[in-house]
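What follows is each chain in one-letter form.
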Amino acid sequence: MVERDTGIMGMLHPGAMGAAVAAQAVAAGTTVRWLPAGRSAATRRRAEAIGLLPAADLRELADGCGTLVSVCPPAAALDVAEEVAAAGFGGLYVDANAISPQRTAEIAEVLAPGGATVVDGGITGPPPRTAGTTRLYLSGDASAVGRVSALFAGTVLETVALDGPVGRASALKLAYAAYNKISHALAAQACALAAGHGVLDDLLALTAHTMPETPFGSPARLTSAGAKAWRWEGEMREIARTWQLAGLPTDFADAAAGTFARWTEHKDDPEVSAARLIEDLRTE
């Protein structure tokens with residue numbers, strides 16, 4: 001068994017967001033390891049480019065890192081935590097996924113028997129590359145939250161500590177995402193309606209004038225949503241679950257999930273056009 005180094009961070013898994021988050025920890029002077037097994041060539045290139053060090057397997061990663069950060073599709077968050085628990089991890093586990101507060105509590109329960117401390121994380125904004133764009137909200141044990149914040153001190157990833165237990169950061173993240181991402185689905189639906197009546201260009205001219213900074217006023221914003229829809233669908237399911245448990249209607253999130261499901265074939269495709277996304281909504 002490799003002796004755990006509390007100063008080493010592990011990243012699960014460095015996709016576009018995870019790699020950018022890991023890069024900020026590296027920039028702050030932290031050694032960051034990752035697990036190449038089963039990952040794509042694109043993920044490997046990202047990890048190598050930012051200087052992440054490979055681990056042979058999950059057991060080695062769990063044994064060698066004091067902190068593990070999980071950034072993965074929402075639907076996989078619990079499975080990833082269960083795999084980490086099975087590997088015997090007993091350090092600091094940061095779940096920075098777009099999941100419900102209830103799911104975060106489940107993850108804490110899964111990891112508790114092995115002695116791990118869970119910090120709840122919620123990322124808002126794009127992958128952190130420019131100051132003032134991206135925040136990592138954190139809640140849970142104050143000492144553990146402070147240790148996580150220290151990993152990114154002096155970088156463009158701004159950490160914000162929230163008072164209160166695990167679950168508060170996730171609640172804030174999902175409340176923000178509910179408005180931010182459902183607005184993309186609503187804009188696309190409105191555009192599809194206009195396209196069906198031959199007035200899409202007129203609608204876009206109107207919204208570019210009246211709402212230029214919104215998804216409704218900029219087709220390019222819809223394009224970015226199409227490439228991310230494969231993750232956003234799962235996020236909408238988490239929002240619906242959270243609303244249901246809070247006694248709120250789930251209709252908006254359910255409908256948005258259905259919209260994003262129509263775009264999942266465009267996963268990570270920056271070339272998909274707004275016209276194609278709108279057409280996807282009009283095709284049964």
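The structure we're discussing is the one just above.
Since we're looking at a predicted model, the values are computed, not measured.

**Concerning helix α8 (residues 200–210)**
So, point 1. All of the buried residues in α8 are Leu200, Leu203 and Thr207. With its buried residues spanning 60° around the axis, α8 presents them on a single face. Exposed residues pointing more than 90 degrees away from the buried face of α8 are listed as Asp201, Asp202, Ala205 and His209.
So, point 2. Where α8 is buried, its residues meet α7 (168–196) and α11 (274–282).

**Observations regarding the pattern of salt bridges**
So, point 1. By the definition in use, this model includes twelve salt bridges.
So, point 2. A salt bridge links arginine 276 to aspartate 280, with the shortest nitrogen-to-oxygen separation between them at 2.9 Å. One end of the pair is arginine 276 and the other is aspartate 280, both in helix α11 and four residues apart, which spans about a single turn.
So, point 3. Aspartate 280 sits in the buried class, given a relative accessible area of 11%.
So, point 4. Three or more residues are tied together by salt bridges with common partners; here these are Arg103, Glu106, Glu238 and Arg241.

**Quick notes on the side chain of threonine 30**
So, point 1. Structurally, the position occupied by threonine 30 is in the loop between α1 (16–27) and β2 (31–34).
So, point 2. Residues within four places of threonine 30 in sequence aside, it is in contact with Gly7, Met9, Ala25 and Leu151.

**Details of the nonpolar core**
So, point 1. Ranked by size, the top nonpolar core spans 30 residues in total, and within it Met236, Ile239, Phe260 and Trp263 carry the most contacts.
So, point 2. Those elements that place two or more of their residues in this core are α7, α8, α9 (219–245), α10 (251–261) and α11.
So, point 3. If one sorts the elements of this core by residue count, α7 sits on top with ten residues.
So, point 4. Setting aside its immediate chain neighbours within four residues, isoleucine 239 contacts Leu174, Ala177, Ala178 and Ala253.
So, point 5. With 24 residues, the next largest nonpolar core counts Met9, Met11, Ala96 and Val148 among its residues.

Thresholds, definitions, all that
Residues numbered from 1 in each chain as written. Predicted model: local features only at pLDDT ≥ 70, side-chain atom pairs only at ≥ 80, totals over all residues. Heavy atoms only, no water. Buried < 20%, exposed > 50% of the residue type's maximum accessible area, 1.4 Å probe, protein only. Helix = DSSP H or I, 4+ residues; strand = E, 2+ residues; numbered from the N terminus. Arc of directions from axis to C-beta. Contact = heavy atoms within 4.5 Å. Salt bridge = Lys/Arg side-chain N within 4 Å of Asp/Glu carboxyl O. Core = buried A, V, L, I, M, F, W, Y, C linked by side-chain atoms within 4.5 Å.

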